Amino acid sequence: MAVNVGYAETNAFEQRRAPRWRALRGLARKKVAMIAIAYLIVFYGAGFFAPVVATHDPNRQELTVETVRQGPSADHLFGTDALGRDLFSRVAYAARTTILFTIIVLLTGGVFLGLGLGLLAGYRGGWVDTLIMRVGEVLAGLPTLLLMLAIAAAFRTRINDIAFWLEDNTFLGDDAPTLVKFMIVVGAAVPFAWIGSSRIVRSQVLAIREQEYVLAAEAMGASTWRILVRHLLPGVLPIFMVGLSGGMAAIAGAEVALSWLGLGIDPPGSSFGSLISEAGGVRTFQTFPHLLIASATPVILFFFAWNLLGDTLVDWVEPRTRGR
Amino acid sequence: MGQGLAGYILRRLLWAVPVLFVVSIVVFYMLRLAPGDPVDTLLGQRYDAEVAERLRGKYGYDQPVYIQYVKYMRNVLQGDLGVSTRHQDFSVKEVIVPKIRVSATMGLFALVIVFVLGIPVGVYAALSRGTPVDPLLIGSWLFLDAIPVFVSVIFAQWLFALKLEWVNLGYEGVFHKNIILPVLLISLPGVAGVARLMRASVIQVIGEDYIRTARAKGLRERTVIISHLARNAMLPMVTVIGLTLPGIFAGSLFIELFFGIPGIGRESLDAVRAPDFDVVLALVLFGSTLFVVANVVIDVVYGFIDPRIRVGATRGG
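Numbers given to residues run from 1 along each chain, matching the order in which its sequence is written. Here the convention is simple: chains get letters from A, ligands get numbers from 1, in the order in which they are written. In keeping with the predicted nature of the model, local features appear solely for residues at pLDDT of at least 70, side-chain atom pairs appear and are counted solely at 80 or more, and the whole-chain, interface and lining totals rest on all residues.

1. Focus on the overall build of chain A
- Each helix is a run of H or I in the DSSP string that is no shorter than four residues. Each strand is a run of E no shorter than two, and both are numbered from the N terminus. Looking only at helices and strands, chain A has 14 helices and 0 strands in total.
- From first element to last, N terminus to C terminus, chain A shows the α and β order α-α-α-α-α-α-α-α-α-α-α-α-α-α.
- Counting the 324 residues in chain A, one finds 44% classified as buried.
- A fraction of 70% describes how many contacts in chain A between residues 6 or more apart in sequence connect residues 24 or more apart. We call a residue exposed when 12 or fewer other C-beta atoms sit within 10 Å of its C-beta, buried when the count reaches 20 or more, and partly exposed for counts in between; the C-beta positions come from the backbone. Any residue pair is listed as a contact if its two C-beta atoms, each placed from the backbone, are within 7 Å.

2. Here's the deal with the overall build of chain B
- Scanning chain B for helices and strands turns up 14 helices and 2 strands.
- C-alpha extents for chain B along the principal axes are approximately 85 × 60 × 30 Å.
- Residues classed as buried in chain B amount to 39% of the 317 residues present.
- Excluding contacts between residues fewer than 6 apart, the proportion of contacts in chain B whose partners are at least 24 apart in sequence is 74%.

3. With respect to the nonpolar core
- Here, a nonpolar core means buried Ala, Val, Leu, Ile, Met, Phe, Trp, Tyr and Cys residues linked by C-beta atoms lying within 7 Å of one another. Membership of the largest hydrophobic core comes to 166 residues, with the highest contact counts inside it found for Met148(A), Leu149(A), Ala150(A), Ala152(A), Ala189(A) and Val280(B).
- The dominant element in this core, judged by the number of residues it contributes, is helix H11 (residues 224-260) of chain A, at 16 residues.

4. As for the confidence of the model for chain A
- Known as pLDDT, the predictor's confidence for each residue is given on a scale from 0 to 100. The share of residues in chain A with pLDDT of 70 or more is 83%, and the mean pLDDT across the chain is 78.
- Within the model, pLDDT remains below 50 along residues 1-20 of chain A, and this stretch shows 13 contacts once partners closer than five positions in the same chain are excluded.

5. Re the interface of chain B and chain A
- Residue-level contacts link 53 residues of chain B with 48 residues of chain A.
- Elements represented by at least two residues in the side of chain B that touches chain A include exactly helix H1 (2-33), helix H6 (133-146), helix H7 (149-163), helix H8 (180-206), helix H11 (240-259), helix H12 (264-273) and helix H13 (277-305) of chain B.
- Polarity classes work like this: nonpolar for Ala, Val, Leu, Ile, Met, Phe, Trp, Tyr, Cys and Pro, charged for Asp, Glu, Lys and Arg, and polar for all others, with Gly in that last group. Within the side of chain B that touches chain A, the residues separate by chemical class into 36 nonpolar, 11 polar and 6 charged.

6. A short note on the confidence of the model for chain B
All names here are of chain B.
- Summing up the model confidence of chain B, the mean pLDDT is 83 and the portion of residues at 70 or higher is 94%.
- Mean pLDDT in chain B bottoms out at helix H14 (residues 311-314), which sits at 44, and peaks at helix H5 (residues 92-127), which reaches 91.
- For residues 311-317, every residue scores under 50 in pLDDT, and the model assigns this stretch 11 contacts once sequence neighbours within four places are set aside.
- This prediction of the complex comes with two scores: 0.83 for pTM and 0.84 for ipTM.

7. What to know about the packing of H5(B) against H13(B)
Residue and element names in this part refer to chain B.
- Every axis corresponds to a line fitted to the C-alpha atoms, with the helix fit spanning only the stretch in contact, and the corresponding angles, defined between N-to-C directions, vary from 0 to 180 degrees. Relative orientation of the contacting elements H5 and H13 amounts to 45°, with a least axis distance of 10 Å. Relative to H13, H5 is oriented oblique. Like other packed secondary-structure pairs, H5 and H13 cross with a definite hand, here right-handed. Residues Val-92, Val-95 and Ile-96 of H5 form the contact with H13, whose own contacting residues are Asp-278, Val-279, Ala-282 and Leu-283.
- When its residues are assigned to classes, the contact of H5 with H13 shows 6 nonpolar, no polar and 1 charged. Small angles under 35 degrees read as roughly parallel and large ones over 145 as roughly antiparallel, with 65 to 115 read as roughly perpendicular and the rest as oblique. Whether a crossing is left-handed or right-handed is set by the direction in which the near helix is turned from the far one by less than a right angle, anticlockwise for left-handed and clockwise for right-handed.

8. Re H8(B)
- To get the bend at a residue, fit one axis to the 7 residues ending there and another to the 7 starting there, then take the angle between the axes. Along H8(B), the sharpest change in direction is near 35° and occurs at Gly190(B).
- Of all 27 residues in H8(B), 22 are buried, a share of seventy percent or more.

9. A word on the environment of Arg273(B)
All names here are of chain B.
- By the element assignment, Arg-273 lies in helix H12.
- Residue class for Arg-273 comes out partly exposed when judged on the 17 C-beta atoms lying within 10 Å of it.
- Separated by 232 residues in sequence, Arg-273 and Thr-41 have C-alpha atoms that sit 9.9 Å apart.

See below:
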């Protein structure tokens, strides 16, 4: 309701404004959002089709003086790392880790917990609402990275047992250890990934649950499930997605940070975190800048694209702060 | 307001207690149930079953986990945080208090810088709303926000220490000029968040009657912006301090590694890896309690400085 009023005001207001700035600004905004989306598509595409995109086997080492730490060339687009592995291919596989991670955390932490708990809290109210929101409030105030560190470190020590079991008893084979490490990072991130989105969803539910069509559905005896899914969910989805897009960089960042610390995905699996940490310190950067630049730039732009998109979308649902 | 405020603080703190207990139980069980304990790390190559048995007995690791937990909590509530196995049985307090002092000082510097930079950026962006300056300004800070500190630190070290030779990278105490670079690196990613919220806040205030009144009185634009617009728009920013803290903590963890700063970020990483049970627990509990209390204090302060906010009515419940 409030959102609609806001839009009407904005539109009336915009018509009275000099169109020059508005057009420029609108263009800048839209262009920025379009570029961000385009980059994200490329990134997700490269990650999804990593086996096709990669020009070399990301794990094949070539340990000769000429083949390690080569600068970019036609054969090795991003150059090679300290073990002579093709950096471009490793980056493509790292993008694959990032997209898998963001999608899984999104589905579990974002959609299942964030949307689910938000709907529940907003619609049920009472002690359910209080419990969910207060727990979220306290969780949001905790030193997240420290807790993620503790979770990841505690479970990492037992990965060998699980990984060997999986290797022997499932079709996973050599991928098993990476998968287990992956799941640990997911497990460390999910407890903190639902808070923001559930808060947004709840407040939106509170705003629309008193509307006539919801009351009408209730009066006609629709089940709680039906009201949630058919009547509340569609109204909540747009703002939920805005909230998610704002949190994507933080979610992906958690995996990169944990992997950088050696508590996430490590070789032979590819992750931007381990790529960046392998790129070495300041002395290595001085001599071989391409190692850090090639492994960090793609993921920095990925975070940046999500930040920009989130920023643009927030303006879109919150017209009062929109540039007019 | 007094009654409502007291009730509100009490309610917030009462909710924090069970959650902190759950956090402590979860972390405690995770640490104890994972294979490999401090004794393994202590003995390392010289592992000897008999010595290990004796050490486990000494630290109480041979008892059931719930008994260990109850004993641990009883000690904690009496102010005894246990001993650090990684630091030859120094008490946890002796190990972490000096490090907390270092990190807290740095964190405070960083917090100040985040706001000193973020607030003017937000005001300026809001005032240039409708021009390309606004998205460019916010966009460039969002870009800085997108760079992980462990990448920006390498670039900064290269640029300022090797190329320009302005600074050296040694740690010489928190009040030495060498601390400027690490503190800046911790604070820069947080500026975008503060700037965006400040921008939104200014845009809300800009339409208020008292701004129009101030302009109509013929006050200089400078005065209107500083004393009327920015001052009022800054009030809600108090609550943002709480949101900024986790980022500063995370940033300092990485930065402390790079600059050899003896703070808790580094200690927590080493303690988690060792593992050093009591230090990890102490840091988790200390950090969590601190953040929870800080957020409650911030909300209360906000209620005082902005009497329009009736805590009981709008934020409690």
